[in-house]
Amino acid sequence: MHKTLIIAAVALSGVVLTSLGLPESTPTHNTVTVAHSESSKPFSDTLNWKLLGQIKYIKKPSKDYPEGVMYPIINTQLKAKQGKQVVMTGFVVPIDNKSYALSKNVFASCFFCGKAGPETIMGIKMKEPMRFKTDQYVTLKGTFRYNDSDVEDWIYHIEDAEVVKK
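Residues numbered from 1 in each chain as written. Predicted model: local features only at pLDDT ≥ 70, side-chain atom pairs only at ≥ 80, totals over all residues. Heavy atoms only, no water.

(A) Main features of the layout of surface pockets. Its boundaries defined by the atoms lining it, the largest pocket holds a volume of some 200 Å³. Lining the largest pocket are 16 residues, with P118, D150, V151, D153 and I155 positioned closest to its centre. Examining the composition of the lining of the largest pocket, we find that 4 residues originate from one element, strand 4 (residues 69-73), more than from any other. For the lining of the largest pocket, the per-class residue count stands at 11 nonpolar, 2 polar and 3 charged. (1 Å grid on protein atoms, 1.4 Å probe; cavity = no way out; pocket = protein on both sides within 12 Å on 5 of 7 lines; lining within 4 Å. Points joined across faces, edges and corners; volume = space filled by probe spheres on them. Helix = DSSP H or I, 4+ residues; strand = E, 2+ residues; numbered from the N terminus. Nonpolar A, V, L, I, M, F, W, Y, C, P; charged D, E, K, R; others polar.)

This is the structure:
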């Protein structure tokens, strides 16, 4: 009887865990290959959240924060991507009625809720105005910009962004 209960519990646990897995429509990675609109060369300069998360901070005083504030130290791989076209995938998080950010996590677990660091979100500046749904999973192509000096702004940005995949 004891063995039967253990086998039943293991089988039931397997069914429950399988049903809680990622839905088939949710991508499990964020590497995308996109063709340039100007040429037929593959677009290979792709960012991912793991690379963006490789960041360190240094505490320095500033005009508004004389006691000091944490400034990001951008790694050399990301510095090399400054001003270049990149592709990035993530969840859309609304900032206000017209502004959005791209997040590693869904809204309920994003940077604003205290569940993640500032390296898990990117400011989005769309090429053409566009409306998104909260937590919409998208792939964007645009110009990468990092910020390591303005503590009132995002660390990472995608500017002139276009939706590559919804």
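(B) Broad picture of the confidence of the model for the protein. When pLDDT is averaged along the protein, the result is 77, and 72% of the positions lie at 70 or above. For the protein, helix 1 (residues 2-19) is the element with the lowest average pLDDT, namely 36, and strand 8 (residues 137-146) is the one with the highest, namely 96. (pLDDT = per-residue confidence, 0-100.)

(C) Up close: the pairing of strand 8. The element strand 8 is extensively covered by neighbouring structure, given that 8 of its 10 residues are classed as buried. For strand 5 (residues 85-94) and strand 8, the ladder comprises 7 bridges, and the chain directions are antiparallel. Considered in strand 8, the bridge of G90 is made with V138. The pairing of strand 8 with strand 9 (residues 156-165) spans 7 bridges and is classified as antiparallel. In the sheet register, R145 faces strand 9, and the bridge partner there is H157. (Buried < 20%, exposed > 50% of the residue type's maximum accessible area, 1.4 Å probe, protein only. Pairing = 2+ DSSP bridges.)

(D) Spatial organisation of the packing of aromatic side chains. This model, assessed by the stated rule, comprises 3 aromatic pairs. With 4.8 Å between their ring centres and 65° between their planes, F91 and Y137 make a pair best called edge-to-face. On the criterion of sequence distance, the pair formed by F91 in strand 5 and Y137 in strand 8 is long-range, its members being 46 residues apart. On the basis of relative accessible area, F91 is assigned to the buried category, the value being 15%. Of note, K60 hangs over the ring of Y71, and the distance from its end group to the ring centre comes to 4.7 Å. (Phe/Tyr/Trp six-rings, centres within 6.5 Å; stacked < 30°, edge-to-face > 60°. Lys NZ or Arg CZ within 6 Å of the ring centre and 35° of its normal.)

(E) Summary view of the pattern of salt bridges. Going through the model one piece at a time under the given rule, you end up with 3 salt bridges. The salt bridge involving E162 is made with K127; its shortest N-O contact spans 3.9 Å. One end of the pair, E162, is in strand 9; the other, K127, is in the loop between strand 7 (121-126) and strand 8, and 35 residues separate them in sequence. The exposure class of E162 is partly exposed, given its relative accessible area of 32%. The partner of D153 in a salt bridge is R145, with the nearest N and O atoms 3.9 Å apart. For D153, a relative accessible area of 30% translates into the label partly exposed. Overall, R145 belongs to the partly exposed group, its relative accessible area being 27%. Because the salt bridges share partners, they merge into one network encompassing R145, D153 and E159. (Salt bridge = Lys/Arg side-chain N within 4 Å of Asp/Glu carboxyl O.)

(F) Seen up close, the sheet that holds strand 5. The strand order around the closed barrel built from 5 strands is 5-6-7-9-8, with neighbouring strands paired in mixed fashion. Strand after strand, the sheet turns through a mean of 55° between neighbouring axes, direction not considered. (Axes fitted to C-alpha atoms, helices over the stretch in contact; angles between N-to-C directions.)

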